[in-house]
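Residue-level structural notes
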4 protein chains.
Amino acid sequence: MTSTTRETSGRPYEECGVVGIWGAPDAAALAALGLHALQHRGQEAAGIVTHDGERFWQHKGLGLVGDVFSDARMMGTLKGKSAIGHNRYATTGGTLLRNVQPLYADFEFGGLAVAHNGNLTNAATLRRALVKRGCLFQSTTDTEVFVHLIAISLYATVLERLVDAAKQVKGAYSVVALTPDFLIGLRDPLGVRPLILGRVADGGWMLASETCALDIVGAEFVRNVEPGEMVIIDDEGIRSLRPFGKTSPRFCVFEYIYFARPDSILEDHSVYEARKQIGVELARESGVEADVIVPVPDSGVPSAMGYAAESGIPFEMGIIRNHYVGRTFIEPTDQIRNLGVRMKHSANAPALRGKRVVLVDDSIVRGTTSRKIVDMVRAAGATEVHMRISSPPTRHPCFYGIDTPEESQLLAATHSVAQMAEAIGVDSLAFISFDGLYRALGHDDRADAEGRYCDACFTGDYPIELVDKEGHLVS
Amino acid sequence: MTSTTRETSGRPYEECGVVGIWGAPDAAALAALGLHALQHRGQEAAGIVTHDGERFWQHKGLGLVGDVFSDARMMGTLKGKSAIGHNRYATTGGTLLRNVQPLYADFEFGGLAVAHNGNLTNAATLRRALVKRGCLFQSTTDTEVFVHLIAISLYATVLERLVDAAKQVKGAYSVVALTPDFLIGLRDPLGVRPLILGRVADGGWMLASETCALDIVGAEFVRNVEPGEMVIIDDEGIRSLRPFGKTSPRFCVFEYIYFARPDSILEDHSVYEARKQIGVELARESGVEADVIVPVPDSGVPSAMGYAAESGIPFEMGIIRNHYVGRTFIEPTDQIRNLGVRMKHSANAPALRGKRVVLVDDSIVRGTTSRKIVDMVRAAGATEVHMRISSPPTRHPCFYGIDTPEESQLLAATHSVAQMAEAIGVDSLAFISFDGLYRALGHDDRADAEGRYCDACFTGDYPIELVDKEGHLVS
Amino acid sequence: MTSTTRETSGRPYEECGVVGIWGAPDAAALAALGLHALQHRGQEAAGIVTHDGERFWQHKGLGLVGDVFSDARMMGTLKGKSAIGHNRYATTGGTLLRNVQPLYADFEFGGLAVAHNGNLTNAATLRRALVKRGCLFQSTTDTEVFVHLIAISLYATVLERLVDAAKQVKGAYSVVALTPDFLIGLRDPLGVRPLILGRVADGGWMLASETCALDIVGAEFVRNVEPGEMVIIDDEGIRSLRPFGKTSPRFCVFEYIYFARPDSILEDHSVYEARKQIGVELARESGVEADVIVPVPDSGVPSAMGYAAESGIPFEMGIIRNHYVGRTFIEPTDQIRNLGVRMKHSANAPALRGKRVVLVDDSIVRGTTSRKIVDMVRAAGATEVHMRISSPPTRHPCFYGIDTPEESQLLAATHSVAQMAEAIGVDSLAFISFDGLYRALGHDDRADAEGRYCDACFTGDYPIELVDKEGHLVS
Amino acid sequence: MTSTTRETSGRPYEECGVVGIWGAPDAAALAALGLHALQHRGQEAAGIVTHDGERFWQHKGLGLVGDVFSDARMMGTLKGKSAIGHNRYATTGGTLLRNVQPLYADFEFGGLAVAHNGNLTNAATLRRALVKRGCLFQSTTDTEVFVHLIAISLYATVLERLVDAAKQVKGAYSVVALTPDFLIGLRDPLGVRPLILGRVADGGWMLASETCALDIVGAEFVRNVEPGEMVIIDDEGIRSLRPFGKTSPRFCVFEYIYFARPDSILEDHSVYEARKQIGVELARESGVEADVIVPVPDSGVPSAMGYAAESGIPFEMGIIRNHYVGRTFIEPTDQIRNLGVRMKHSANAPALRGKRVVLVDDSIVRGTTSRKIVDMVRAAGATEVHMRISSPPTRHPCFYGIDTPEESQLLAATHSVAQMAEAIGVDSLAFISFDGLYRALGHDDRADAEGRYCDACFTGDYPIELVDKEGHLVS
């Protein structure tokens with residue numbers, strides 16, 4: 001076993017899923033199954049830390065949950081009735097084992113394991129201050145900043161220290177933490193990222209990023225952890241702290257549009273229904289004469305279904321997705337590259353040939369994938385290609401835990417909708433309006449949803465201060 | 001690197017995909033991409049043999065195509081403008097590297113590489129005779145039988161020997177073979193398994209199990225290799241032999257129902273359209289009062305769409321498939337097993353709760369998966385569950401290249417439809433009728449399709465003699 | 001790649017080798033070769049950090065140096081003209097990648113990489129204090145204690161901080177450290193562990209645990225780094241600090257007896273000559289009538305040669321060592337275990353049969369290996385077996401960097417020499433006397449060497465305070 | 001797991017060790033231990049086939065025996081009381097798993113596993129004829145030729161077929177073969193390669209290339225299998241056939257000089273004693289004024305001891321061998337290569353400085369290693385370097401199972417002894433004379449040993465016809 005050679009610096013953005021288990025036999029297996037259900041939130045690495053009443057145990061690895069936690073003997077070593085787990089997707093090349101969460105540390109008061117989903121917006125600033133103070137950083141994760149703040153806190157108890165640390169960080173985060181005595185769940189004051197509370201069969205508790213993680217183990221949904229709430233779960237039950245006082249929610253609207261799994265229920269809305277309804281609104285706003293409604297699978301499917309239902313135009317699986325992509329893939333030669341080979345999507349020509357096609361996708365980021373898909377659909381014989389997008393134009397990067405390229409690489413940041421249509425080669429292009437988007441989420445219109453969601457990637461209205469960005473460059 | 005310990009005997013059934021390339025730069029890369037598009041036909045192992053005008057080169061490995069052929073340096077060693085490749089799925093435990101095709105052998109007249117999709121029905125009988133004659137077998141593949149027959153043929157040229165061998169084997173097979181001088185494609189007399197001919201961009205030729213392999217590299221569909229036809233491709237172009245005289249086709253109907261990729265065109269029919277149309281026929285035959293039509297993804301989707309369109313009942317993605325299953329997976333403890341955990345499918349409760357649900361699936365084999373899915377859908381709140389199956393009851397095993405359990409394990413072999421409905425716990429169950437199935441494939445009714453397909457898995461009418469089965473037990 | 005499951009605590013003792021390079025092209029390759037020559041000091045893991053004038057680069061892995069640093073592409077990424085490297089042997093089960101040195105950390109003043117050979121005797125005490133102060137520990141190595149002390153030092157420059165840290169630690173250690181601006185070598189005040197300074201061919205500098213690491217790259221021996229000396233090497237040359245004032249040396253006598261490579265020169269004495277001379281003294285002190293002198297290979301060879309030369313009795317390779325033991329090995333069944341199988345040593349019967357044999361070995365630790373070897377030699381036909389040991393009885397554990405079991409498991413701690421002879425089944429047993437040992441090292445007698453060596457493992461006279469041991473239990 | 005890419009042709013020479021076990025519980029473990037003791041005969045791959053009364057089981061892998069057979073679960077699957085095993089060293093780059101022996105094949109009469117040590121001199125000729133006849137070759141090993149001959153034999157029983165095959169092959173070989181009913185051991189008519197018979201503790205039998213394999217499992221030496229003898233071992237005991245009539249032995253003299261392990265007894269001579277005695281003869285023949293006798297370790301050690309004893313000049317370990325070379329190793333940059341780095345040997349300068357040194361080695365092949373060692377010894381301060389070689393000059397390649405380069409690359413084939421001395425840079429050079437060599441083996445002189453050994457590598461007198469060499473080029 002050998003670590004990858006790399007520079008010893010660099011800070012990745014991360015997308016993640018988290019779970020926590022308290023008071024359940026086979027806690028590690030429950031955590032692993034939960035992480036499997038959350039695999040769409042991060043596929044590069046996974047880790048679990050358990051506590052058996054006396055000791056902490058851990059296993060981490062690079063790869064899919066099902067591969068990292070497949071060995072029965074290894075699972076047997078993850079003893080105990082409490083556990084936390086983490087899935088990770090890192091956008092920079094070097095996925096390092098040392099960056100895989102949960103992060104475990106020995107404190108004066110005992111051990112603590114921590115994992116989080118999201119991004120701290122003052123991580124670099126805090127890190128500089130901590131390094132100045134003599135703190136040693138050994139990973140490049142935001143979680144380590146959080147853990148250092150706990151370590152140096154002058155408060156006596158781990159709970160007070162957690163609160164102390166939480167008050168110092170800014171950003172969008174859902175944290176799970178495990179001590180020998182309790183399991184913690186904490187959402188940032190605006191509740192940008194989700195965190196769900198459930199009960200497992202025989203009396204134990206479960207925390208997870210999405211309800212689909214509860215479903216896989218037959219756990220019952222109890223409620224959302226609230227924005228700014230810290231839940232403390234122990235054998236006595238569940239308590240709740242409000243470290244930040246009263247806060248108002250700004251849930252990430254992009255979880256509904258793309259990131260969450262369709263069968264999850266977030267903030268009491270079905271993700272699947274929301275997507276379908278966006279499709280309905282989109283059809284109302286941006287109808288077009290066409291023969292077929294074709295989703296870009298898999299994420300475009302529900303919106304395309306809604307669009308088709310509303311427009312009365314038939315829904316067709318005109319694009320097929322190949323799920324067998326493996327971990328690595330054929331590095332193409334130049335000649336192969338020129339063929340414009342698409343490893344993931346292929347055209348289902350009989351459903352497209354001679355048809356006026358409405359393609360429904362969730363977003364346009366750089367535009368390069370959209371261009372290839374449009375070309376492929378035309379090559380399969382479509383006579384017209386209209387693109388409908390179930391989100392407003394993505395004009396700004398996310399600093400709160402969704403992987404997006406920097407602004408200069410976002411097609412919508414530099415092109416009008418008409419220019420975008422030309423760039424990706426469609427006959428027409430339309431995005432859902434803000435009014436339509438929020439109607440689909442159950443509001444009267446955009447004004448009615450004002451201040452209740454984070455939609456910064458569309459509006460540039462960042463509800464959490466971007467401390468690092470506004471300060472010096474992140475090294 | 002270590003081979004897996006195993007018994008040194010045992011004969012697996014196989015499902016496979018094949019490709020062949022002639023006269024194209026980057027032949028290995030084209031072959032790898034073609035195999036990637038055929039990944040659904042076999043996920044356990046892959047191999048490619050190329051010829052560079054002077055020498056043969058090969059690489060084989062266990063795993064997905066994208067993993068086996070991911071290394072640029074290795075791809076660089078697979079030199080030449082001709083190649084054949086093979087995907088393999090083996091149903092017995094021991095996937096052995098020595099069984100991975102293509103199989104290469106040195107002959108007096110030079111080297112030959114061979115790969116095939118299908119099963120020989122007299123392989124064991126031939127094998128016994130060959131062993132008696134002094135032939136050494138080192139794999140358990142049918143392909144090796146074929147290669148031995150070529151080796152011992154008394155004919156002078158490799159072509160004559162191929163024909164000689166072809167006349168001795170019985171079964172369903174599509175063979176690709178590569179010599180320094182030409183590329184061969186051969187379908188069995190009844191053409192049970194598919195084989196397609198296409199042209200790649202710069203004048204080369206391509207053979208593949210399905211058209212989707214042509215599409216991924218931008219190759220143009222030319223025609224099907226015909227049942228009983230042997231095509232010989234070299235730098236002069238393409239020739240055709242008919243080793244078996246005139247034959248009549250019996251194409252595998254199950255390729256349409258389940259096995260082929262929906263965007264493929266087989267024997268001039270779109271697989272996707274066929275599946276949708278089966279759904280239409282199913283709705284006509286077995287309509288039921290319901291609120292939603294829900295496919296068991298992914299294979300049930302087109303039929304469910306057809307059913308929904310015909311019935312006017314809304315189509316809903318009420319079951320979500322998790323594609324991130326990895327190579328291995330969590331070995332569950334007993335307790336976890338009792339939770340009835342489903343790694344691949346989860347219920348999308350908001351689309352099911354309080355609804356009368358029609359589940360559309362492609363087939364019922366043992367019935368255990370169907371039972372679990374029905375239970376899951378009920379647990380998500382469905383008030384009624386009706387199951388509609390886009391194939392007739394599967395009552396007989398396939399001996400022609402589709403993996404099926406033996407007859408005693410097929411639910412439909414021992415249960416009436418009513419008993420099956422009870423066994424899987426549905427309110428009603430219906431299968432497509434033979435008339436409906438063949439109408440969906442463009443015939444007037446079953447009589448009109450008589451003798452044009454192999455549907456032995458539904459009827460027990462095996463069009464190719466089961467030599468091994470009827471003789472002594474296969475050792 | 002997957003980390004090993006383990007408890008998240010536990011503190012291993014370590015044996016190690018270190019190298020440092022400054023101002024030499026191919027610094028990483030020179031470091032790797034030096035580590036290869038020091039492989040006998042630690043075989044479980046190896047790591048190198050380089051600096052290329054702008055950035056640090058690192059590679060670490062579990063296994064032999066030759067395997068960890070075998071890939072040319074990887075070596076190419078270890079850019080720069082300065083490097084430090086480390087070999088590690090850990091006595092506890094869990095060799096973790098996160099424990100592999102060198103340890104790199106970002107400081108306010110820039111990056112620093114540190115590796116060391118030896119053990120700190122107040123590591124646990126310091127660690128507790130540091131954890132109390134809020135320092136996070138992520139490995140279980142003593143090196144991390146040292147690095148934390150640097151991090152929290154209130155001094156301004158890295159040099160002052162290194163001195164500050166050095167003054168707080170107690171123990172036996174030879175440290176190499178690399179900053180963008182210089183290479184550091186530091187020996188503890190008593191110089192228990194070795195550290196050598198040399199010049200590489202084209203003007204660069206090299207630090208290493210033993211001279212054999214200089215030899216392999218053709219570097220020239222300059223001098224020993226002195227006990228308590230800190231050398232600072234940069235492009236201007238070499239400077240020297242004395243952080244501890246004047247100190248007197250207590251070099252580890254066991255490096256001569258067993259640990260160092262025979263072709264190394266330590267503190268100006270040839271290890272090989274010392275071992276031979278011990279054999280000479282042993283023959284003088286403990287002569288016995290015998291037919292052959294047989295070493296327990298490899299470490300017993302020079303002493304046996306000296307014994308044979310002095311006694312006039314023929315030297316014979318009566319025991320053959322099998323060096324091909326691999327990383328893992330056949331886990332024996334009970335039946336095999338009862339055969340008393342010896343994987344490493346076998347008897348050369350023709351040299352033993354009918355002979356009165358003097359076995360020469362370097363030490364007796366638990367006595368179990370000695371017993372097996374004696375039994376094997378008797379089974380091969382030896383009529384008498386006399387054991388001569390080239391060290392005094394090992395009665396006390398080492399806390400300064402040599403792996404020894406705890407006192408209760410040391411045969412000599414609980415048995416008289418006569419009892420030991422009985423326990424291992426020899427006709428006679430003798431150890432070198434202290435006078436003999438020190439005469440072999442060039443002194444008049446034990447009194448003449450008084451206070452110049454650490455021989456605590458024989459005498460229990462520990463020259464460096466055992467802070468952790470005397471305080472509370474190490475957690 | 002992935003096979004290595006390679007050309008599909010090429011025929012390696014091999015050095016090997018073999019074992020066979022009959023009638024012993026834990027046969028696989030005994031075989032694995034035996035192979036471990038024979039590891040010096042082949043380090044690249046190992047394999048074992050067992051039979052449990054009903055079925056054959058096998059495991060093969062690349063690497064050291066201790067790594068290939070380290071897993072207890074895997075060992076548990078190698079069931080049965082009979083086994084054969086094989087170690088392999090291949091001189092060409094591509095060690096392929098498919099070439100790893102034993103080779104198993106299904107015959108009409110049942111399964112058979114075969115492994116051999118040696119080389120067939122008509123393998124290529126037979127192979128061409130077999131291919132012409134329709135035999136398929138899937139490896140490049142000589143063993144497969146042997147197995148094909150068994151397969152096509154017209155005789156009825158496996159024993160008769162083995163004899164039939166044996167009569168057709170020419171070469172130097174020791175074969176072990178396992179059927180469900182018996183274990184076979186067969187030596188070629190001249191008995192060039194060794195094969196030993198022993199009894200294991202509880203009544204079972206063991207065959208092995210050398211006695212050291214018996215020693216490790218405590219088996220008792222019974223006798224040598226005789227040249228041209230085929231032993232058949234079953235539950236009734238041992239029988240013996242003489243397929244070739246009466247033959248006269250020509251045992252490989254190079255087994256004594258270099259190849260066998262020193263603690264083995266071959267053809268009733270101790271290898272160790274033979275080597276020492278060669279040293280004695282060498283000292284008598286080629287005495288020189290010198291200060292120290294230094295072996296090139298490990299193989300030169302016994303001869304150097306003999307030389308030292310006879311000459312009265314002290315024996316010194318002036319060269320140290322580093323055994324930790326790993327499987328792969330640092331690919332040196334050009335600069336490093338120019339340093340003349342020696343990974344395996346280093347000079348022990350204190351034993352060499354200012355000395356007139358006699359280096360004792362077993363042979364000079366290309367001379368490049370000798371040159372480097374001589375340079376190293378001079379660089380360490382030797383004032384004179386005299387080389388003494390314990391074999392006559394190696395002027396001809398071996399075709400009988402010892403890896404040697406072709407004649408043009410043998411230094412002694414193109415240089416006189418004086419020229420060789422100059423080429424390797426020594427003050428004097430001498431080889432053992434034939435008279436001396438054979439005196440050391442217990443004969444009066446060379447004439448007395450005439451026709452009793454194979455010494456073709458020194459004399460060019462090849463006792464077995466080189467069919468392939470004298471016919472057409474080996475393809």
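In this text, all values refer to a predicted model and were calculated from it rather than measured experimentally. (Residues numbered from 1 in each chain as written. Chains lettered and ligands numbered in written order. Predicted model: local features only at pLDDT ≥ 70, side-chain atom pairs only at ≥ 80, totals over all residues. Heavy atoms only, no water.)

**Here we look at the UniProt feature "active site" (unreviewed entry) in chain A**
Residues and elements named next belong to chain A. Feature annotation in UniProt places "active site" (unreviewed entry) on Cys16, given in this structure's numbering. Position of Cys16 relative to the elements: it lies in strand 2 (residues 14-22). In this view, Cys16 contacts Arg41, His86, Asn87, Arg88, His116 and Asn117; residues no more than four positions away in its chain are not counted. (UniProt positions renumbered as here; feature names shortened; annotations may be inferred. Helix = DSSP H or I, 4+ residues; strand = E, 2+ residues; numbered from the N terminus. Contact = heavy atoms within 4.5 Å.)

**Observations concerning the sheet that holds strand 22 (residues 384-389) of chain D**
Adjacent strands of a sheet pair through backbone hydrogen bonds, lying either parallel or antiparallel. All names here are of chain D. In space, the four strands of this open sheet follow the order 18-21-22-23, with parallel pairing throughout. A single partner strand is all that each edge strand has here, and the edge strands are strand 18 (292-295) and strand 23 (428-431). The mean angle between the axes of side-by-side strands here comes to 20 degrees, regardless of whether they run parallel or antiparallel. In this sheet, strand 22 lies alongside strand 21 (residues 356-361) in parallel orientation, the contact comprising six bridges. Bridge assignment links Val358 to a residue of strand 22, and that residue is His386. Docked against the sheet, helix 10 (residues 301-311) engages strand 18, strand 21 and strand 22, running at close to 165 degrees with respect to strand 18. Those strands touched by helix 14 (residues 417-424) are strand 22 and strand 23, and its axis lies near 125 degrees from that of strand 23. (Pairing = 2+ DSSP bridges. Axes fitted to C-alpha atoms, helices over the stretch in contact; angles between N-to-C directions.)

**Thoughts on the sheet that holds strand 13 (residues 230-234) of chain B**
Residues and elements named next belong to chain B. Pairing within the open sheet is antiparallel, and its six strands lie in the order 6-7-8-9-13-14. Because the sheet does not close on itself, it has two edges, and the strands there are strand 6 (103-107) and strand 14 (237-241). With strand direction ignored, the average angle separating the axes of adjacent strands in the sheet is 20 degrees. Where strand 7 (residues 110-120) meets strand 8 (residues 171-178), eight bridges bridge the pair, whose relative direction is antiparallel. For Asn117, the partnering residue across the bridge sits in strand 8 and is Ser174. This element, helix 5 (residues 142-152), spans strand 6, strand 7, strand 8 and strand 9 (183-187) of the sheet and lies at about 135 degrees to strand 7. Where helix 6 (residues 158-168) meets the sheet, its contacts fall on strand 7, strand 8, strand 9, strand 13 and strand 14, and the angle it forms with strand 13 comes to roughly 160 degrees.

**Notes on the domain arrangement of chain A**
Residue and element names in this part refer to chain A. Split into domains, chain A comes out as domain 1 (13-249) and domain 2 (270-323 + 330-450). Between the C-alpha centres of domain 1 and domain 2 there is a distance of 34 Å. Contacts between domain 1 and domain 2 engage 11 residues on the former and five residues on the latter. If you look at where domain 1 meets domain 2, you find zero salt bridges. Between the two partners, domain 1 and domain 2, sit two residue pairs in polar contact (both at pLDDT 80 or more). Mapped by element, the contributors of at least two residues to the side of domain 1 that touches domain 2 are strand 2 and strand 7 (110-120). Looking at the side of domain 1 that touches domain 2, its residues break down into four nonpolar, four polar and three charged. (Domains from an automatic or database assignment. Salt bridge = Lys/Arg side-chain N within 4 Å of Asp/Glu carboxyl O. Polar contact = N/O pair within 3.5 Å; in protein donor to acceptor, adjacent residues only side chain to side chain. Nonpolar A, V, L, I, M, F, W, Y, C, P; charged D, E, K, R; others polar.)

**So, the environment of Gly76(A)**
Positionally, Gly76(A) belongs in helix 3 (residues 72-77). Sequence separation between Gly76(A) and Ala29(A) is 47 residues, and the spatial gap between their C-alpha atoms is 9.4 Å.

**Here's the deal with the pairing of strand 10 (residues 196-199) of chain A**
Residue and element names in this part refer to chain A. By the bridge criterion, four bridges tie strand 10 to strand 12 (residues 220-224) in an arrangement that is antiparallel. In the sheet register, Arg199 faces strand 12, and the bridge partner there is Glu220. Looking at chain direction, strand 10 and strand 11 (residues 205-208) are connected through four bridges and run antiparallel. Opposite Ile196, over in strand 11, you have Ala208 as the bridge partner. In this antiparallel pair of consecutive strands, strand 10 and strand 11, the connection spans five residues, and Gly203 shows a positive phi of 100 degrees.

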